[in-house]
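Chain and residue survey
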Amino acid sequence: MLKLYNTLAKKKEIFRPLKDKKVGLYTCGPTVYSYAHLGNLKTYIFEDILKRTLLFNGFQVKHVMNITDVGHLTSNADTGEDKIEKEAKKEKKSAWKIANFYTQAFFKDIQKLNILKPDIIAKATDYIDEDISLIKELEKKGFTYRTSDGIYFDTSKLKDYGKLTGMNFQKLSQTLKAGSRIEISPEKKNITDFSLWKFSPKNVKRQMEWSSPWGVGFPGWHIECAVINLKFLGNAFKGKKFLPKKATTIDIHCGGIDHISIHHTNEIAQVEAVTNKKFINFWLHGEFLKLPEKRMGKSEDNAILLSNLEKTNYSPLAFRYLVLNSHYRTPLEFSLEALKASQESLNNLYNFVYDCLWFSKKQKTRKNQTFKITKYQKKFQEAVNEDLNTPRALAVIWKLIKMYYDSTNINSQTVYKLALEFDKIFGLQLDKIKLISLPLNIKKLISQRDKARQNKQWIKADRIRKKIEKAGFKVEDTILGPKVIKKI
Ligand code: AMP
Ligand code: ZN
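In this report, we go over the structure that sits alongside the text.

Rules used in this analysis
Residues numbered from 1 in each chain as written. Chains lettered and ligands numbered in written order. Predicted model: local features only at pLDDT ≥ 70, side-chain atom pairs only at ≥ 80, totals over all residues. Heavy atoms only, no water. Axes fitted to C-alpha atoms, helices over the stretch in contact; angles between N-to-C directions. Helix = DSSP H or I, 4+ residues; strand = E, 2+ residues; numbered from the N terminus. Parallel < 35°, antiparallel > 145°, perpendicular 65-115°, else oblique. Left-handed = near helix turned anticlockwise from the far one by under 90°. Contact = heavy atoms within 4.5 Å. Buried < 20%, exposed > 50% of the residue type's maximum accessible area, 1.4 Å probe, protein only. Salt bridge = Lys/Arg side-chain N within 4 Å of Asp/Glu carboxyl O. Pairing = 2+ DSSP bridges.

1. Points about the packing of helix α12 (residues 390–406) against helix α13 (residues 412–426)
- Where α12 contacts α13, the two axes come as close as 11 Å, and the packing angle between them is 170 degrees. In terms of axis orientation, α12 runs roughly antiparallel to α13. Along this stretch, α12 crosses α13, giving a crossing that reads as left-handed. Listed contacts from α13 to T390, A393, L394, V396, I397, L400 and Y404 of α12 are S412, V415, L418, A419, F422 and F426.

Structure below.
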């Protein structure tokens, strides 16, 4: 039984797919005007854990992610520049080139973090006609109005606007007003209203712009995600035409907590206004990665990138371990000490897997003790199914490791298989650990040394060990017996 914290219900709920064993999963993708920072990547790791947990529970997952390559403005109040056009000017490149470059960089990063690739990746610029079709429907139903700079959604027309935040319309408006650092356009009827279609500024030629029934311009950020959801998971499009009556509710939608009050609230507003149906069944949000003083952000000027870690010899998977070791709904404070500890834990995990492989070969002659595998499997599944409690799931594998080294004749092969089963969720690439292939002369020396040790010929055994080491290998006498690795 999988329980997930649903932001909409404000509590943990049992998750069941809406149809059979199939799950539609939508995760908001990157705005591709710069490299993803570790905060963004924390959110993508949390979403990856969710997806892996769904698969682990036997569900079939259709995972859709958008790429925001247009329409995300530097301010959430529909003012400011388009982030991608701004970067294009700065780097003196075309907006298309910028978007393409950072999209590729993003995929390289998620691959390094062993994040499973979505089944469908949809670039916002490929669905402009669909955006227009949905906006037309909103216009027909009376939810829109025009200002000098675009077509806006009138949030006062929707009776439960803002429900994802748990605040009513007045309270949400007050909160946004209090938190707003910039001037709100006087043409907006309500502070919570947002642009569906923005006109290209007069006297400025945008690189990315399209004609529409309302004028030349570009879509708002929130309409893009609504459309891509409805197109690939909500069955609401025939070709490029929006058919509101056909829309079906989607299982899960995720993102970082910053998206609750504006981006996701506005996605819900647009879709539910025209379909009169629940848009998303489960909303999941990940907490922030923080530096001691504040959140990590591109706009906060404190972004740390994955490449920065690699330059200091930390592996991307050490960062993945760090994220796994905290629950996705608690803020995670980033520090080099914490990363160092994660790298050490990861190395220890790899050593353990190596030992399992090494001693599975050696154990043929040993008496193999059985242990209750199901007890570990149960504890592990209970942990991940309790709202993705990965710190608890990690504790289960460390318990297994302790038990393995404490009782010297546990079946290594069984423990190895169990560790790999857990890694289907951890994604730490434990399966990449392979035994080194030893040259024949080393193999011979090892068995000679084993024999000498059995006969308690310690001086002889030591002499052979020195020979092995001279040939570039290292003998480690562990609690389970001697192990040979390559010298670094
Ligand atoms: P963006 O590329 O800005 O659209 O953000 C991509 C994802 O990263 C979104 O789901 C954000 O909510 C999330 N995000 C942004 N900053 C942080 C942070 N400091 N910690 C965790 N997630 C973040
Ligand atoms: Zn989105």
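2. Description of unusual backbone geometry
- Backbone geometry at D20 places phi at a positive 45 degrees, although glycine is not the residue there.
- By the element assignment, D20 lies in the loop between β2 (11–14) and β3 (22–27).
- Residue D20 is classed as exposed on the basis of its relative accessible area of 56%.
- For D387, which is not glycine, the phi torsion reads 55 degrees and is therefore positive.
- Of the residues examined, D387 reaches a relative accessible area of 1% and is grouped as buried.

3. A few points about the pattern of salt bridges
- In this structure the tally under the stated criterion is 30 salt bridges.
- For D48, the salt bridge identified is with R52, shortest N-O distance 2.9 Å. Here the residue D48 and the residue R52 both occupy positions in helix α1 (residues 38–56), the gap between them amounting to four residues, near one helical turn.
- Put simply, D387 and R329 hold a salt bridge, and the shortest N to O gap is 2.9 Å. With D387 in the loop between α11 (373–385) and α12 and R329 in the loop between α9 (316–324) and β15 (332–333), the pair connects residues that are 58 residues apart, well separated along the chain.
- Within this structure, D355, K474, E476 and K483 form a network of salt bridges that share partners.

4. Observations regarding the sheet that holds strand β8 (residues 194–199)
- The sheet built from four strands is open, its strands ordered β6-β7-β8-β9 with antiparallel pairing. One side of each edge strand has no neighbouring strand; the edge strands of this open sheet are β6 (144–147) and β9 (217–219). The sheet shows a mean angle of 25 degrees between the axes of neighbouring strands, direction not considered.
- As paired strands, strand β7 (residues 150–153) and β8 are joined by four bridges and run antiparallel to one another. Bridge assignment links G150 to a residue of β8, and that residue is K198.
- Strands in contact with helix α4 (residues 128–140) are β6, β7, β8 and β9; relative to β8, the strand with the most contacts, it is inclined by about 120 degrees.

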